[in-house]
Every structure is written in structure tokens, then in C-alpha cells.
Amino acid sequence: MKKSLLLFFSIISAVLCHGQISTKDSTVNVVAYFNKGDTVIYDYTHKNPKYIGKDTLYDAYLTARFQLSVLSASDKGYRIEYTPVKYVYAPDSVLTETGKRWIKMAKAGERIANKMKPVFVLDEYGTLKEIENSKEIISKWGKLVDIGIKTIYKEDGETCVKKEAMKKYMLSAVKTENDLWKLYEEMILLFGYHGRAFDMKKTTIESETGVTEVFCGKDRPDKYGTDNDYMVYAKQTTNIPSETVQTLVGEQMEQLVGKEMVDSLQNIVKGATGWPDIEVTNTHIVRYWSNGWPKETSTFKKVQPKSVVKEELAKPNEIRTIEWVSYRVK
């Protein structure tokens, strides 16, 4: 399943306001104006590229089509149902062994996954608040894990991780409603800025660990657009000092930056005097219609040693894109 990407929404302070683009105040207000019956279908593509010489393979490459439908709308907020529509899997020719293994699990569990229809509760601004039927979805996750484990261990036999240990680990990943957000990170990518207001200029926020840059304004013109469509661009750069890198090397570091990056760091250290500083960059762009429905998002994550310049380490480690397929609003 997809990893959680909370990004950096909590870093950016904002004032809740009605409306969208306010030229008088030079602000962009991300606010939902949805109606009961509104339906938008999206394609969500998640890639984890692995660069091998001049070739690119993928540890993950999957496109999931899903539908969002507004079940109810009032002055207190909205209830939106998430319905899986279909999955498009990358061919084995572009996948690593890890990628092939996860595709097998996804295909095996597709029937159960299609029955997982969470209902998200949003406030009047469109801010995500809770998952209404979380217990039901968590129960289905357990069935999904069972199918996935049986598929992998039936075809590949016992791996370096024992079957029961793997099952326990996967079940422990989703035990509470808060855990469920890890499975539906696309909702955070689409609605994570709702209920916030941004200045229509480049804003830079500095902290001890890095810098966040935000820019908001009118969306680029297209044949579907209106004069009041808008966009939000944000880029966060976080620095991890060498002392922290050295302390975290191992399982914790792999969870933070990925096994490939840890392997690269260990190779670098063999010919250097110490561990390098690490720079993590998250870039997130969201385009909206004037009523607050997201059109599309693009998210790129890049992790690289600051003191070492290698072409393959300067490329994105994780790419997420969401694009609308059909749009029907009342």
C-alpha cells in the first residue's frame, strides 16, 4: 500500500476565509463549494523509480482510478464517498523484483480492495476531518492482507521474512482510523490545503531544519478553465545533518529515505572521511476549479547527499500525480 505523505501542511499558517481569489486582499482561499451529487473521477499514479545506469526501473508503478461522490452537503460540511473504479498495472519489463512482488499482491487483493469504500467527512471549508466508516474499512484491510500474504508466499515460498512475521507487520500498519490515512494519501494530496488562505506572492518560511516556499495565484488557462480557477505551489527542503544520518543508519534510515539511498550512502562513506548531510525536497502543486474541486496534483520527493553530486541521486525518488478524468457538478 501507499506510504503516508503528510507533506508540510502544518507548517503553513493561514486564515480561514470565504471565497477563492481576492484581488483586494491579494489572497487565495482554498474553500469547498460542493453540492450533493457532485462526482469527480481521478487517476492516481504512484511511482518509485530506481535508476540503474541509463535505465529506469520501478519498485512501485501503479495507476488507481477512483470516484469521489458527494453524499450530503450542508452549512456544516460534506460527506464524500470514495469508490475504486479500476487499476492499471505497469508491465513486468519496467519493474524491479520488489515491484513485481507488490503488483502480484495488488492483483490478488483487487476484489477486496474494490469493496473498500470509505466515506470521508469534511467541514464547511472542505478540510478533511474523519473517516465515517473506519471500522468497516479496517476489517476489509485484514482480509486484503490475508490474500496478499497467501499469494506471495505461495509463489515465492518462505523469504527472509517469515510468513507470520510479515502478516503481523502488515496488520499492525492499519489498526486505527488515524492509520487509515496512510492508505488514502490521495485524499490528503487533493484536500490537504482546504480551509487555508495564502498570499498571492512567493512566501518563504525558514526553520532550523529547512525552508518552505509557497506560491499561489490564478491557474494557467486551459479549455476547461474559468477566470477564477487557481493553484497552490509549495516546496519544502529539509536538511538532515551528518550526525543524525549516522545515528539513524539502519532500519530507521531506510524508512526515512529508502534502502537504495542507504546503500548509496554506505558506498560513499567507504571512500570518504564521514557521513554526508542529506537534503530531502518535497514539491507539491495543486490546481483547483473555482468551486474548490481539485483538478490535478503533482508531488515529487527527492533525497540526495548534499556533498556528493551523482546524476541518479539528483532525480526524484518518488512521484505522485493525480489527474481528473470526468467532472460532473451541480
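Located above this text is the structure these notes cover.
Notes on the structure in this doc start here.

Thresholds, definitions, all that
Residues numbered from 1 in each chain as written. Predicted model: local features only at pLDDT ≥ 70, side-chain atom pairs only at ≥ 80, totals over all residues. Heavy atoms only, no water. Salt bridge = Lys/Arg side-chain N within 4 Å of Asp/Glu carboxyl O. Helix = DSSP H or I, 4+ residues; strand = E, 2+ residues; numbered from the N terminus. Pairing = 2+ DSSP bridges. Phe/Tyr/Trp six-rings, centres within 6.5 Å; stacked < 30°, edge-to-face > 60°. Buried < 20%, exposed > 50% of the residue type's maximum accessible area, 1.4 Å probe, protein only.

### Let's talk about the pattern of salt bridges
Here is step 1: Scanning the model with the defined rule gives 12 salt bridges in all.
Here is step 2: E132 is the salt-bridge partner of R79, the closest N and O atoms lying 2.8 Å from each other. Within this pair, whereas R79 is found in strand 5 (residues 77–89), its partner E132 is found in the loop between strand 7 (128–131) and helix 3 (134–156), the two being separated by 53 residues in sequence.
Here is step 3: Across the salt bridge formed by K295 and D229, the nearest N and O atoms sit 2.9 Å from each other.

### Concerning the pairing of strand 5
Here is step 1: Strand direction decides the pairing type here: strand 4 (residues 55–74) and strand 5, joined by 12 bridges, are antiparallel. By the bridge assignment, V70 is partnered in strand 5 with I80.
Here is step 2: Here strand 4 folds back onto strand 5 in antiparallel fashion, the turn holding two residues.
Here is step 3: Taken together, the five bridges between strand 5 and strand 6 (residues 119–123) define a ladder with antiparallel strand orientation. Residue pairing for strand 6: Y78 is matched across the bridge by L122.

### Focus: the packing of aromatic side chains
Here is step 1: The final tally for this structure, using the stated rule, is 17 aromatic pairs.
Here is step 2: On the numbers, 5.6 Å between centres and 45° between planes, the contact of F120 with W181 is tilted. Of this pair, F120 sits in strand 6 while W181 sits in the loop between helix 5 (177–180) and helix 6 (185–191), and the two are 61 residues apart along the sequence.
Here is step 3: Judged by its relative accessible area of 14%, W181 is buried.
Here is step 4: A centroid spacing of 6.2 Å and a plane angle of 65° characterise the contact between W324 and Y327, whose relative ring orientation is edge-to-face.
Here is step 5: The class for Y327 is partly exposed, based on a relative accessible area of 29%.
Here is step 6: Joined through ring pairs, the aromatic side chains of Y42, F66, Y82, F120, W181 and Y184 make up one cluster.

These figures capture arrangement, not role.
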